[in-house]
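# Geometric and topological summary
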Amino acid sequence: MTTFIKPSAVHEAQPMAPHWADVVEIVHEAEGISTYWLKFQDKNLAETYSFLPGQFNMVYIPGYGEAAISISSDAEDRTRIGHTIRFVGNVTRAVSRLKVGDAVGIRGPFGTPWPMVELEGHDITIAAGGIGLAPLRPAIYHIMNHRERYGKVHILYGARTPNDMLYPEEYALWKENDIHVATTVDRADDTWKGSVGVVPMLFYRYRMDAPKSAVLTCGPEIMIRFVIFEGLARRVPADHIYVSLERNMKCGQGSCGHCQLGPYFICKDGPVFRFDQLEDFFNVEEF
Amino acid sequence: MTTRPTLAVHKFSSCDGCQLQILNMEDEILDLAEVIDIAYFLEATRDARPGPYTISMVEGSVTTEHEVERIKKIRQESTILISIGTCATAGGIQALRNVADADEYANIVYPNPEYLSYLKEASPISEYVDVDMELWGCPVNKKQLLEVIVALLQNRRPVLPQSSVCMECKQAGTICVLVSEGVPCLGPVTQAGCGAICPANGRGCFGCFGPQDGANTDSLSDILTDIERYPGETKRLYSNISNFAPAFYEATRKLTD
Amino acid sequence: MSQEKLEIGSTYALPKAEFDNLLARLKEKGFETLGAKVDHETLVYEPISALADLPQGYISEQKAGEFRLKKTHHKRYFDYIPGAHSWKQFLFPSRQELFTLHKNGDGWNTELPDVEQPKYAFIGVRGCELSAIQIQDGIFMREDFTDPTYAKRRQNLFILAVNCLHPAETCFCTSLKTGPKVSPGFDISLTELEDVFLLEIGSEIGRLVLQGLPLEASSAFLLQAAQKGLERAEKKIQRELDTSDLPDLMTKNLDHNHWQEIAERCLSCGNCTQVCPTCFCWDTVDTSDLLGKETKRERVWDSCFNPSYSYYAGGNTRPTISTRYRQWLTHKLGTWKEQYGTLGCVGCGRCIVWCPAGIDLTEEIPLFREEKS
C-alpha cells in the first residue's frame, strides 16, 4: 500500500462528523439514478478538496445515515464533485428527495484509487455493468486528460435496457479521444441498434495484447466474475486485473469492521483491489 | 401548517397496555400532537373521528367474528397499518387457547358461556390483513413507538434492532442470568428492543419481543432443558406471550413430542 | 524508606492496610478508580473507593457456559478472575455520542461532544486484559484513523495491573503469551502476597503516585514468593490453544464442514463478541426528534453475529449462523494478524464462559486440523 494521505474532508476532532456540501445541480441519468453535483460550503475546503479516480465519499443525510458513494466526476475538475447515485437504500432514497440548494454531509475521499499512474503505457480495458460505470468514469476522464500516456483503450459497458445506460451523451466524446466503446443490453427495445447480451461477451470483439494490457472492472458481482475469467483466459496477469468491490461500508476508515472481506477492510484496503489480492477469498461463498 | 398525517389507535383483544405506552410518552406527547393529528384514540380522547387515517396502530389479537370484520375495515381505511404489541403480532397470551380446547376454557371461566361468541383461534393481525410494520413487545417499547413515528414522518425505514436480547444485556453491563445463575432465559433467541429489562432485574427473558430472525431454538432448548428447575420449565418459557410466534410454537411442539 | 529511591522498574512492598492511601493518591491526581466488585452473583467493573470494595475472599469458578462466584476462607483481594465485564467498556463505551445536529434554517449546526474525557485508573488489570487494551490501541489509534474519545481516554488512563496467581479453568493466556505475569505497559503492577502487595513501578506517573507511601524495599524472600506464585499459576493453566499453524489454519479451511457443526450449537446471540476485550465492531445510529429540529448520531457496539451486520444494498453477505461464526473465528484467529500484526485473542476465556451454549474455541480449533469430509 502507498503511504497514507489524509482525506481532505475529514474533521480532525471527530472523523465521523460531516462537512457540508450544497447540491448545485441534479442530472437525471436513468430510471432511479441521478447525478448530484456538490460544492462544499466551506470555501477553503471547496478549493483544497481532491480525490483520485476510484475513491468514494461517505454521503450523509441527517436522520437517515450515511452511504458510501463513489465519486464519478473528473478528478481534475476542482470546481465541483459529482456522485451518480442509484436509489436503493434508506439513505439513497432520502437523496432522491433532495433539491438543488439542499445540503448533504460529506466525508472523504476514502479508499484505494484505480492505479492510473502504474498503468501508464498499458492498453486498458474498462468493463462495467449498470451503475458500475460511475466509479470508472473518473478513470475515463483521466485517460482523456492524458490520452498520450495510455495505449489502446476499450470501454465495454452493459446495462439492463437502453434506457438504463449511464452517460450516453458522453460516448461520442470518448470515441473522439480514440477510445473504443462497445455497449450491450440485456433487453433491447425498438430503438436499440447495438448488441444484446452480457458484458464479458464484448471481450470477443477485439484482440488483446495481454502482457501489456490491464482490465478495470466494476458492476454486479456475477459480471465481475466473468470479466475476470475472460481477462485471465486472455492471459492478462492477475495483478493487472483491477476490481472495485462494494460492501456495507459504515465508517469509511477501516474501523467499524462491517466491510471486511478476509484480511481486508474494503473501505480502506479497497474498494479497488488487484485481483491477485482477492484470489483466496473471491470464490468462497458468503465470506 | 401543512396537513398533518392522521393517527388512529385501535384496540382488539388485549389489555390496553400498549396503548398506554403512547400515553406514557410524557416528554413527547405534546410534540406528537403537533406533528400528527390524533383522529381516533379512545383511550386518550372521546373526540373520535371516522377514517380514512394515514396511520393506524392496532393493539390486540383477533378473537371474534366481529373483530375480523373490524380489522378488514380498518385496513381499507388506513394507508399504513402497524401492529403494536405481541397480541397484535403473535396472538398474545390468549393464543394459548389455540393449542387447547377453547370451549372447555369458556366452560370453566364463565357461568354462562352460551352468551360468548368467539373464534377457535386467537390470531395475529397479519392473519387477516396485510400489515405494513410490526412492533413487538408486551408491552411495546416507548422508544420504538417513537422511532417508528419519526421514521414515518421522515419517510424512512425505522431503526429497530435485529439482534438478540443478549446484545442489550451486554451493552448495558447487565450480567447474564443464564451463565452466572443458571436461570433459564430466552434472551439468546429473542429479538432485542425491550432494553433487556427482565435480566436487569434478575429474571430470565420470556421472549415477549418474539423470536429473532433465524433463531436457533433447537440449541437453546437443549441448553435450557439441562438446567430446568422443574420439569417442563423450558416449554413453559416458550409458551408464554409469544407462544404463537412460529419459531416458539415449533420449539414448544418439539419439546412436547 | 526514603522517597528519592523509588525507581521505575523496581519493586516495593506495601502493607495491605496502606492500599487505600494509594487509591486516595490516585483520586487526588484526578483519577476515577475502577475495579472489580461483587454484584448479585457475579463480578462487575465499577467505581471503587477502598480496598474493602474489592471481592475479598472470592474466587470465580469458570467453565464453558458457566460462571459461579465462590466465597473461600482466605482473605486475599485479587484471587478472583474477572467476569463478563472488561475494561473495553470504559475506553470504547457501548454507546457513545458522535455529534448532535441542530436544525438551523435550511442547514444544520454540528455540536461535538465535550472534548474532555474521564480520567480513569483501572485497578486490577490482568496480563490478558493489558494485552487486549494494547490490541485495541492499535485499532483505535492508527496513523490513518484515530478515534478521539478512545485516544483521549487512553491518554488519561492509569493502569494498575495484577499478576494472576489463581487462574480459572477457562484461562489460556499462556498459549497467547499474555499472562499470568503482566507484560510492560502498566503504570504499577501488583502481586498479592499474604500480608503485603508487591508493587513494581512501570512508569513515571506510577512512580509519582507511590511517592510518599510507606513502601518497604522488597526482600529476596518476598520476590521469591511472588515468583513461586507465578510459576504455580502457570502450571495451573491446563487449557491450551496451539497457535503454531494460525492464522493459516483458518484461511485454508473456509470450506471445512466443521463450521456447520458449530452452527448447530451456536445461538448467534453475539455474547462472545460483546464480552471479548478485543472485539471492536461498531455501528452508527441516528435518532431524530419528532419536530425534526435535532438529530443525534451515536456509535454503538455491533457484532458480526447480528443479522444486520452484513446487510448491504446487494443483499446479506453472511445470511447463516455458520457463515457468521466463520467470520468471527477466522477474523479473531486468522485475518486479524494481517490487519493488526497479532491474533485477536488474548486467552482470557470470556467467550467460552459467557457463551450460553458453552462453545469453546480451544476445543473447536483442533477439529479444523482434522480431515474435511
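Residues numbered from 1 in each chain as written. Chains lettered and ligands numbered in written order. Predicted model: local features only at pLDDT ≥ 70, side-chain atom pairs only at ≥ 80, totals over all residues.

This brings us to the sheet that holds strand E6 (residues 95–104) of chain C. All names here are of chain C. The strand order across the open sheet formed by four strands is E7-E6-E14-E13, and the pairing between neighbours is antiparallel. What marks the edges here is a single partner per strand, and that holds for strand E7 (107–111) and strand E13 (282–288). Ignoring which end each strand starts from, the neighbouring axes of this sheet average 25 degrees apart. Sheet topology note: the E6/strand E14 (residues 294–301) ladder contains seven bridges and is antiparallel. Residue pairing across strands places phenylalanine 99 opposite arginine 297, the latter belonging to E14. (Pairing = 2+ DSSP bridges. Helix = DSSP H or I, 4+ residues; strand = E, 2+ residues; numbered from the N terminus. Axes fitted to C-alpha atoms, helices over the stretch in contact; angles between N-to-C directions.)

Take helix H1 (residues 19–28) of chain C next. All names here are of chain C. Turning to H1, its buried residues are Phe19, Leu22, Leu23 and Leu26. Buried residues of H1, viewed axially, fall in a sector of 100 degrees; they line one side. If you follow the buried residues of H1, they end up packed against strand E1 (11–15), strand E2 (32–39), strand E8 (120–126), strand E9 (158–162), strand E11 (196–201) and helix H6 (204–210). Backbone geometry just downstream of H1 places glycine 30 in the positive-phi region, at approximately 90 degrees. (Buried ≥ 20, exposed ≤ 12 C-beta atoms within 10 Å, placed from the backbone. Arc of directions from axis to C-beta. Contact = placed C-beta atoms within 7 Å.)

Okay, the interface of chain C and chain B next. Between chain C and chain B, the residue contacts involve 37 residues of the former and 32 residues of the latter. Elements with a minimum of two residues in the side of chain C that touches chain B: strand E3 (42–47), strand E5 (66–71), helix H9 (258–265), helix H10 (271–275) and E13 of chain C. For the side of chain C that touches chain B, the element with the most residues is H10(C), which contributes three residues. Taken together, the residues of the side of chain C that touches chain B break down into 17 nonpolar, 15 polar and five charged. (Nonpolar A, V, L, I, M, F, W, Y, C, P; charged D, E, K, R; others polar.)

What follows deals with the domain arrangement of chain A. All names here are of chain A. Its domain assignment divides chain A into domain 1 (19–110) and domain 2 (123–244). With centres defined by C-alpha atoms, the gap from domain 1 to domain 2 works out at 24 Å. Counting from both sides, the interface comprises 15 residues of domain 1 and, opposite them, 14 residues of domain 2. Elements supplying a minimum of two residues to the side of domain 1 that touches domain 2: strand E1 (19–30) and strand E5 (81–86). Classifying every residue of the side of domain 1 that touches domain 2 gives five nonpolar, five polar and five charged. (Domains from an automatic or database assignment.)

Moving on to the interface of chain C and chain A. At the interface, 39 residues of chain C touch 32 residues of chain A. For the side of chain C that touches chain A, the secondary-structure elements that each account for two or more residues are E6, E7, E13, strand E15 (311–312) and helix H11 (321–340) of chain C. Residue composition of the side of chain C that touches chain A, grouped by class: 16 nonpolar, 14 polar and nine charged.

What follows covers the sheet that holds strand E15 (residues 272–274) of chain A. Residues and elements named next belong to chain A. Ordered in space as E10-E9-E8-E7-E11-E12-E15, the seven strands form an open sheet in which the pairing is mixed. This sheet does not close on itself; its edge strands, each paired only once, are strand E10 (195–196) and E15. Where strand E11 (residues 213–218) and strand E12 (residues 241–244) come together, three bridges link them in parallel fashion. Pairing of threonine 217 across the sheet is with valine 243, part of E12. Sheet strands touched by helix H5 (residues 221–233): strand E7 (123–129), E11 and E12. Its angle to E11, the strand with the most contacts, is close to 170 degrees. Packed on one face of the sheet, helix H7 (residues 275–282) meets E12 and E15 and runs near 90 degrees to E15.

On to the domain arrangement of chain C, then. Residue and element names in this part refer to chain C. Segmenting chain C into domains produces domain 1 (3–94 + 114–236) and domain 2 (248–279 + 304–367). A separation of 28 Å is found between the C-alpha centroids of domain 1 and domain 2. Contacts between domain 1 and domain 2 engage 25 residues on the former and 22 residues on the latter. Taken together, the residues of the side of domain 1 that touches domain 2 sort by class into 13 nonpolar, nine polar and three charged.

Here the focus is unusual backbone geometry. At the junction of Gly108(A) and Pro109(A), the peptide bond is cis and its omega measures out at -5 degrees in the coordinates. Here Pro109(A) shows up in strand E6 (residues 103–110). Here the bond from Gly51(B) into Pro52(B) is cis, since omega is 0 degrees, no more than 30 degrees from zero. Position of Pro52(B) relative to the elements: it lies in the loop between strand E2 (37–41) and strand E3 (53–59). A positive phi angle, near 50 degrees, is found at Ala196(B), a position not held by glycine. Along the chain, Ala196(B) falls in the loop between helix H8 (177–181) and helix H9 (197–200). Note on Ala196(B): 24 C-beta atoms within 10 Å, which makes it buried.

With respect to the element layout, Ser308(C) can be found in the loop between E14 and E15. Remark: the alpha-carbon pair of Ser308(C) and Leu223(C), spanning 85 residues in sequence, is separated by 52 Å.

Moving on to the confidence of the model for chain C. Taken residue by residue, chain C gives an average pLDDT of 95. The fraction at 70 or more is 99%. What the predictor reports for the complex is a pTM of 0.95 with an ipTM of 0.94. (pLDDT = per-residue confidence, 0-100.)

Residues and elements named next belong to chain A. Alternating residues of E12 divide into Ile241 and Val243 and Tyr242 and Ser244, and every residue in both groups is buried. With H5 bridging E11 and the parallel E12, this β-α-β connection has right-handed handedness. Across three bridges, the pairing between E12 and E15 is antiparallel. Bridge pairing in E15 links serine 244 to valine 272. (Right-handed = clockwise from strand over helix to strand, strands pointing away.)

Let us look at the nonpolar core. One recurring pattern in soluble globular proteins: nonpolar side chains tend to sit buried together. Counting 250 residues, the largest nonpolar core has Ile126(A), Phe122(C) and Leu160(C) as the members making the most contacts within it. Residues within four places of Leu160(C) in sequence aside, it is in contact with Ala121(C), Phe122(C), Ile123(C), Gly124(C), Val125(C), Asp187(C), Ile188(C) and Leu190(C). (Core = buried A, V, L, I, M, F, W, Y, C linked by C-beta atoms within 7 Å.)

Looking now at the pairing of E7(C). Residue and element names in this part refer to chain C. Covered by surrounding structure in E7 are Trp108 and Thr110 only, the residues Gly107, Asn109 and Glu111 on the alternate face being uncovered. Relative to E7, E6 is paired through five bridges, and the arrangement is antiparallel. Within the sheet, the bridge partner assigned to threonine 100 lies in E7 and is glutamate 111.

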